[in-house]
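Per-entry structural report
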Amino acid sequence: MVRLHVKRGDESQFLLEAAGSARLADLAPLVARIYNGRLKVQRLCSEMEELAEHGTCLPYNMQGLTDEQIEELKLKDEWAEKCVPSGGSVFKKDEIGRRNGHAPNEKMQQVIKKTIEEAKALISKKQVQANVCVNMEMVKDALDQLRGAVMIVYPMGLPPHDPVRMEFEDKEDLSGTHAGLEVIEESEAQLWWAGKELKETKLLSDYVGKNEKTTIIVKIQKKGQGAPGREPLISHEEQKQMMLYYYRKQEELKKLEEDDDDSFLNAEWADNHALKRQFHGVKDIKWGPR
């Protein structure tokens, strides 16, 4: 199996194994599916952290309003009584006014937080360093773990407008957000390797040969964005180490220059002709007037 080290820009994303005979028309959408799935898990983890801290999301017409404004407008969160966390809730006000503040109790919070850590570890970029390949099954497993944790803590379900529920139902609206810019539609996915576009009409082996033990770095782009930028010859960390080395070298040279004092050459013991003058008896002759 050919190992693909998938990157977005200069940032590593995940490792994926594919047969050399794989059609690139199928491989590019698969890479995009895993890439988008990992983004989905990350978004869910972020929202579930807020869910554990401050409870379910308020209706859109109540978000960002103060308690006085809600009371004045006579608004009510009808879902607060329906979507009660298992074991009761603990009030913890959401300062930005996005969630209702009825958070799960400590035990249920730990259920959510532990599941978040496990799901993050499953699709983490650190899997690249650990030489572990990620596939769609692992992404689905992470999503199932998160869904299970929410069902345990909120057996009655979440409000239909809650971002966590919308993510699980694939109804999330990412238009106008940074998260939306990160997503690459499967039909728009394009793979690049060594500055060359991997054409959808060809096989992977047409580019990397018949060696199934090859590892290549491929970059995923949206169609029409052109070739991705070439990677720097040295990493950012290596550049920092080099700058630190040359700075220390410069400081050492400065110190040596300060210590390079040749005033000792005027001392009597450093005179090369002192012995000769002593033999000739002209050692202490002074030529000035008495």
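Anyway, here's the lowdown on the structure attached to this text. None of these values were measured; they are calculated from a predicted model.

For the rest of this paragraph, the subject is the nonpolar core. Residues Leu-4, Leu-27, Val-41, Leu-146 and Leu-204 are the most contacted members of the largest nonpolar core, which totals 52 residues. In terms of residue count, helix α1 (residues 24-54) provides more of this core than any other element does, 14 residues in total. Excluding residues that lie within four positions of it along the chain, Leu-4 makes contacts with Phe-14, Leu-15, Leu-16, Ala-18, Leu-27, Leu-204, Ile-216 and Val-218.

Its location among the elements puts Asp-141 in helix α6 (residues 136-153). Judged by relative accessible area, Asp-141 falls into the partly exposed class, the value being 36%.

This part is about the environment of Ala-149. Tracing the sequence through the fold places Ala-149 in helix α6. Taking the C-alpha atoms as reference, Ala-149 lies 9.2 Å from Lys-113; in sequence the two are 36 residues apart. Beyond its immediate sequence surroundings of up to four residues, Ala-149 is in contact with Met-48, Val-111 and Thr-115.

The next thing to look at is the packing of α1 against α6. As a packed pair, α1 and α6 sit with axes 9 Å apart at the nearest point and diverge in direction by 20°. Classified by the angle their axes make, α1 and α6 are roughly parallel. Seen along the crossing, α1 lies across α6 with a hand that is left-handed. Here Arg-33, Ile-34, Gly-37, Arg-38, Lys-40, Val-41, Leu-44, Cys-45 and Met-48 of α1 come into contact with α6, specifically with Met-136, Val-139, Ala-142, Leu-143, Leu-146, Ala-149 and Val-150. Broken down by class, the residue content of the contact of α1 with α6 amounts to 12 nonpolar, one polar and three charged.

Another point: α1. One turn of an α-helix holds 3.6 residues; hence residues three or four places apart share an orientation. Compared with an ideal rise of 1.5 Å per residue, which puts 31 residues at 45 Å, α1 spans 45 Å between its outermost C-alpha atoms and is within 8% of the ideal. With 23 of its 31 residues buried, α1 lies for the most part within the structure. Looking one or two places after α1, you find Gly-55, whose phi comes out positive at around 80°.

Looking now at the pairing of strand β1 (residues 2-8). In terms of burial, β1 is largely enclosed, as seven of its seven residues are buried. Looking at chain direction, β1 and strand β2 (residues 11-18) are connected through seven bridges and run antiparallel. Its bridge partner being in β2, Val-6 is matched across the sheet by Phe-14. Linking β1 to β2, which pair antiparallel, is a turn of two residues; within it Gly-9 sits at a positive phi near 70°. Direction of pairing for β1 relative to strand β7 (residues 215-222): parallel, over a ladder of five bridges. The residue of β7 that forms the bridge with His-5 is Ile-217.

This part is about the pattern of salt bridges. Following the criterion strictly, the structure yields 25 salt bridges and no others. Between Glu-186 and Arg-33 there is a salt bridge, with the nearest N and O atoms lying 3.2 Å from each other. Residue Glu-186 is located in the loop between α8 (178-182) and β5 (189-193), and its partner Arg-33 is located in helix α1; the two are separated by 153 residues in the primary sequence. Given the relative accessible area of 32%, Glu-186 is considered partly exposed. Through salt bridges with shared partners, a single network forms among Lys-40, Arg-43, Glu-167, Asp-170 and Glu-172.

With that settled, the discussion passes to the packing of aromatic side chains. Two aromatic rings, taken as a pair, are described by how far apart their centres are and by the angle between their planes. One pass over the full model with this rule turns up one aromatic pair. Between the NZ or CZ atom of Lys-82 and the centre of the ring of Trp-79, over which it lies, the distance is 4.6 Å.

Each value, and the rule that gives it
Residue positions are given per chain, counted from 1 along the sequence in the order it is written. The model is predicted, so local features are restricted to residues of pLDDT at least 70 and side-chain atom pairs to those at 80 or more, both for listing and for counting; the totals for chains, interfaces and linings are taken over all residues. Computation of side-chain values covers all heavy atoms of the structure but excludes hydrogens and water. Only buried residues count toward a nonpolar core. Its members are Ala, Val, Leu, Ile, Met, Phe, Trp, Tyr and Cys residues joined through side-chain atoms within 4.5 Å. The rule is simple: take the accessible area with a 1.4 Å probe, protein chains only, and divide by the maximum for that residue type; under 20% is buried, over 50% is exposed, in between is partly exposed. Strands are runs of DSSP state E lasting at least two residues, helices are runs of H or I lasting at least four, and both sets are numbered from the N terminus onward. Any pair of residues with heavy atoms lying within 4.5 Å of one another is described as a contacting pair. Inter-axis angles, ranging from 0 to 180 degrees, are taken between N-to-C directions of lines fitted to C-alpha atoms, where helices are fitted over the stretch in contact. Orientation is classified from the angle alone, with under 35 degrees giving roughly parallel, over 145 giving roughly antiparallel, 65 to 115 giving roughly perpendicular, and any other angle giving oblique. Each crossing gets its hand from how the near helix is turned against the far one by less than a right angle, where anticlockwise is left-handed and clockwise is right-handed. Under the scheme applied, nonpolar residues are Ala, Val, Leu, Ile, Met, Phe, Trp, Tyr, Cys and Pro; charged residues are Asp, Glu, Lys and Arg; polar residues are all the others, including Gly. Expected helix span is given by 1.5 Å per residue-to-residue step, counting one fewer step than there are residues. Should DSSP find at least two bridges between two strands, the strands are taken to pair. Any Lys or Arg side-chain nitrogen located within 4 Å of an Asp or Glu carboxyl oxygen qualifies as a salt bridge. Think of it this way: a Phe, Tyr or Trp ring, Trp meaning its six-membered ring, pairs with another when their centres are within 6.5 Å, and the plane angle makes it stacked under 30 degrees, edge-to-face over 60, tilted otherwise. In this scheme, the term charge over a ring applies when either NZ of a lysine or CZ of an arginine sits within 6 Å of the ring centre and within 35 degrees of the ring normal.

Purely spatial values, then, with no claim about function.
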